[in-house]
Amino acid sequence: MQRISLDYIVVGQGLAGSALAMHLFRRDKKFVVFDLPNKNDSSHVAAGLFNPITGRKWVKTWKADLLFPFMRAYFKDTESLLNRRFFYEQNIYRPFDTLYEQNDWMAKWTEAGYTSYIDSLYSEEKYYGLIKNPYGGLMLKNSGYLDIPAYLNAVKCFLKEQNSYQHARFIPDKIERIKDGIVYRNYKAKKVILCEGTAAKSQKLWEFLPFKRLKGEVLIIGTGKEFDVIFNKGVFIIHLGNGICKVGSTYDNIIVDPGPTAAGKKQILSKLAKFFKPDFKVIGHTAGMRPATQDRRPFLGMHPNAKTFVIFNGLGAKGVTLAPFFANQLLNHLENDIQLDREVDIKRYI
Ligand SMILES: Cc1cc2nc3c(=O)[nH]c(=O)nc-3n(C[C@H](O)[C@H](O)[C@H](O)COP(=O)(O)OP(=O)(O)OC[C@H]3O[C@@H](n4cnc5c(N)ncnc54)[C@H](O)[C@@H]3O)c2cc1C
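Residues numbered from 1 in each chain as written. Predicted model: local features only at pLDDT ≥ 70, side-chain atom pairs only at ≥ 80, totals over all residues.

1. Observations regarding unusual backbone geometry
With glycine set apart, most residues show a phi of negative sign, and most peptide bonds adopt trans. A cis amide bond links G248 to the next residue, S249, at an omega of -15°. As for its position among the elements, S249 is in the loop between β18 (244-248) and α6 (262-273). Located in the positive-phi region is R296, a residue other than glycine, with phi close to 60°. Note on placement: R296 falls in the loop between β19 (281-293) and β20 (299-302). (Helix = DSSP H or I, 4+ residues; strand = E, 2+ residues; numbered from the N terminus.)

Quick look at the structure:
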């Protein structure tokens, strides 16, 4: 059998593996991606939202000023290379809960640091007939959503055209270690980059890393209403077209049932009922596991005792914004020996 020499084998083609593969292509590297997706993988369930101001306290997300411009450039470039559309920039409207919250934001929305992310402030009700927002709200910009299924599919088709994709499970036990890398099936590679999402948690190789699985559920609803803004108040509502919306999501670290549950559905519906006015019908319900970490920072780097094996994982609830930037940072590290950010380097656990 003819042996193919590669720089890298990439395992997994979720948000992490896809960004890595596209950066490898741009860098002219020889690689192959192994992926055997299943419907509960995080990337197949995720809403795809990118939101610069998050959390109950409405704070700018970690490294937003670095991550957001990088993410935008990456997805725009990838759209034009693959000749497909999947990156949708859309404002997010966050209704205020109280007059106090409105006053607070009136004082600070024009402050330096926020101007790139806040488009405008409304002190009176907006979108009358769609949502309850008696105190107005904040309109965010530099936000939107990635149509993840369309993106993953476009990347997969592109990789197939390049002969760089294998629809197969990568089985570590079948690796043969050699002096300058590994041999796996008919491939010889210098390094293996594992982008396996929550599957990495059960592997002995990475048992020193504090993974955390965070379950999330999402509903698809039919509303008959069309709007060109994302609403976010306890839950997000993304209009996908023709009155169909994605709504979610829940956050559960005690996982009794990995699939969609009645309790998850009830939780989303009760939050939705608090501010969304139109009648709707639930037409879909999915669940998945976020590959999260104890300190909420990604896991990047070479295994301390087996440097052929590299991890790119722990994207948690923010894979869309984290994957493009940190895939590039990981390759700068592997190719040019540039140090990883200490916050994401797995050395923090050694
Ligand atoms: C309900 C929900 C809502 C979310 N909403 C958002 C959101 O709005 N915005 C956002 O940015 N993020 C969101 N996320 C988080 C986001 O989905 C994750 O951060 C991201 O998808 C993680 O990507 P990944 O590639 O690391 O892992 P995964 O998506 O799990 O991909 C790993 C891939 O590797 C494959 N694999 C694993 N082991 C092997 C093997 N041995 N051989 C072959 N293939 C293998 C798997 O089958 C899979 O295809 C959400 C997650 C959930 C669950």
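2. What to know about helix α1 (residues 15-26)
Along its 12 residues, α1 runs 17 Å from first to last C-alpha, staying within 8% of the 16 Å computed at 1.5 Å per residue. Across the 12 residues of α1, 10 count as buried, placing the element largely inside the fold. Just past α1, the residue D28 takes up positive phi, approximately 65°. (Expected span 1.5 Å × (residues − 1). Buried ≥ 20, exposed ≤ 12 C-beta atoms within 10 Å, placed from the backbone.)

3. Quick look at the sheet that holds β18
Pairing is mixed in the open sheet, where eight strands are placed in the order β8-β9-β7-β16-β17-β18-β15-β19. Each edge of the open sheet carries a strand with a single partner, namely β8 (118-122) and β19. Across this sheet, the average inter-strand angle for adjacent strands is 20°, counted without regard to direction. Inspection of the sheet shows β8 paired to strand β9 (residues 137-140) by four bridges, in the antiparallel sense. Bridging from a neighbouring strand, L121 pairs with L138 of β9. (Pairing = 2+ DSSP bridges. Axes fitted to C-alpha atoms, helices over the stretch in contact; angles between N-to-C directions.)

4. Describing the site of the ligand
Lining the immediate surroundings of the ligand are 43 residues, of which G12, G14, G197, G216 and G319 lie closest. Elements with a minimum of two residues in the shell around the ligand: α1, α2 (42-45), β15 (211-222), β19 and α7 (319-336). The greatest single-element share of the shell around the ligand, amounting to four residues, is contributed by β19. Looking at which domains feed residues into the shell around the ligand, each of domain 1 (4-46 + 149-210 + 295-349) and domain 2 (91-142 + 212-293) supplies at least three. (Near = placed C-beta within 6 Å. Domains from an automatic or database assignment.)

5. Section: the domain arrangement of the chain
Split by domain assignment, the chain resolves into domain 1 (4-46 + 149-210 + 295-349) and domain 2 (91-142 + 212-293). When each unit is reduced to the centre of its C-alpha atoms, the spacing between domain 1 and domain 2 is 31 Å. With 19 residues of domain 1 at the contact, the number on the domain 2 side is 14 residues. Of the residues in the side of domain 1 that touches domain 2, the class split is six nonpolar, eight polar and five charged. (Contact = placed C-beta atoms within 7 Å. Nonpolar A, V, L, I, M, F, W, Y, C, P; charged D, E, K, R; others polar.)

6. Some thoughts on the environment of L159
Along the chain, L159 falls in helix α5 (residues 148-161). Between the C-alpha atoms of L159 and S18, which are 141 residues apart in sequence, the distance is 9.5 Å. Setting aside residues up to four positions removed in sequence, L159 forms contacts with A21, V33, S164 and Y165.

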